[in-house]
Amino acid sequence: SGIGQRVLAYDTKPWYNPRHWERVKFNDVHGHNILAPDPTFQCMPAGVPRIGLPQEIVQTDSTLYFLYQRHQRRIYVDGRPHPPIEAWLGTWFGHSIGHWEGDTLVVSTVDFNGAEWMGWPGYFTSPDKTVIERITRVGDTLTLESTVTDDSLLLQPWTVNPETEKFNNTPQGELEEPLPCLERDIESMFTRERG
């Protein structure tokens, strides 16, 4: 919840350069309305690493596809590098490449648009962000550990609290069809707390 995220120990939060802290505080207070709206409140993607573990993973020889309820990501595992910075497009999910270290998939992602937030309360980003995700499978459980580096905003890399999910081993399991995302409430919201 919003309250729970505010009372986390300071070392579990991103350490912003002091000149950016006022914007984080402003986003925290106003992120639920049109003054500084949280992109997810406007039906925009959560971005990386905020979107978390995928609901389904599809693997080919060269690519992993991470499927989420409304979105997808491509993680190239064929050895290609990231494109040079002058060819970056600036997207919500960036450009991702991955490799295996034992049973751990290590994903490097760059080329973001800077409009996505890393999380609530008001953890904004820049297009300079780099995210390293480490996804490990133990039995039927996946664990995601993410580290964000953004030298233009953060004093040091930020390691997000790990996320763990159990597999749905049901052979008939399916990815739920999402409801359409229609933002109708942001102008009527009076509390900044969210689930």
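Nothing here was measured: the structure is a model prediction, and the numbers come from that model. (Residues numbered from 1 in each chain as written. Predicted model: local features only at pLDDT ≥ 70, side-chain atom pairs only at ≥ 80, totals over all residues. Heavy atoms only, no water.)

K.L.:
Account for helix H2 (residues 18–30), naming residues and giving values.
P.N.:
The end-to-end C-alpha separation of H2 is 19 Å, in line with the 18 Å expected for 13 residues at 1.5 Å each. Three or more residues of H2 are buried, namely His20, Val24, Asn27 and Asp28. The buried side chains of H2 occupy one side of the element, clustering within an arc of 100 degrees when seen end-on. In H2, the exposed positions that point more than 90 degrees away from the buried face belong to Pro18, Arg19 and Glu22. (Helix = DSSP H or I, 4+ residues; strand = E, 2+ residues; numbered from the N terminus. Expected span 1.5 Å × (residues − 1). Buried < 20%, exposed > 50% of the residue type's maximum accessible area, 1.4 Å probe, protein only. Arc of directions from axis to C-beta.)

K.L.:
Before we move on, could you go through the packing of aromatic side chains and cite the residues and values that matter?
P.N.:
A complete count under the given rule lists five aromatic pairs for this structure. On the numbers, 5.3 Å between centres and 25 degrees between planes, the contact of tyrosine 16 with phenylalanine 124 is stacked. Highlighted residues: tyrosine 16 in the loop between helix H1 (2–6) and H2 and phenylalanine 124 in strand S7 (residues 123–124), separated in sequence by 108 residues. Overall, phenylalanine 124 belongs to the buried group, its relative accessible area being 3%. Taken together, the aromatic side chains of Tyr16, Trp21, Tyr123, Phe124 and Trp158 make up a single cluster linked through ring pairs. Positioned over the ring face of phenylalanine 124 is arginine 23, at 3.8 Å from the centre of the ring. Across the ring face of tyrosine 76, the terminal group of arginine 80 is positioned such that the distance to the ring centre comes to 3.8 Å. (Phe/Tyr/Trp six-rings, centres within 6.5 Å; stacked < 30°, edge-to-face > 60°. Lys NZ or Arg CZ within 6 Å of the ring centre and 35° of its normal.)

K.L.:
Describe in detail the nonpolar core, supporting the description with residues and values.
P.N.:
By size, the foremost hydrophobic cluster in this structure holds 27 residues, and its most contacted members are Tyr16, Phe66, Met118, Ile135 and Leu154. Of all elements in the fold, only strand S2 (63–67), strand S5 (104–110), strand S6 (117–119), S7, strand S8 (130–138) and strand S9 (141–149) reach the threshold of two or more residues within this core. A per-element tally of this core places S9 first, with three residues. Residues contacting methionine 118, with those up to four places away along its chain left out, are Pro14, Tyr16, Arg50, Tyr123, Phe124, Thr125, Lys129, Val148, Leu154 and Trp158. (Core = buried A, V, L, I, M, F, W, Y, C linked by side-chain atoms within 4.5 Å. Contact = heavy atoms within 4.5 Å.)

K.L.:
Account for the environment of glutamine 156, naming residues and giving values.
P.N.:
As for its placement among the helices and strands, glutamine 156 is situated in the loop between S9 and strand S10 (158–159). With 141 residues separating them along the chain, glutamine 156 and tryptophan 15 place their C-alpha atoms 6.5 Å apart.

Keep in mind these values describe shape, not function.
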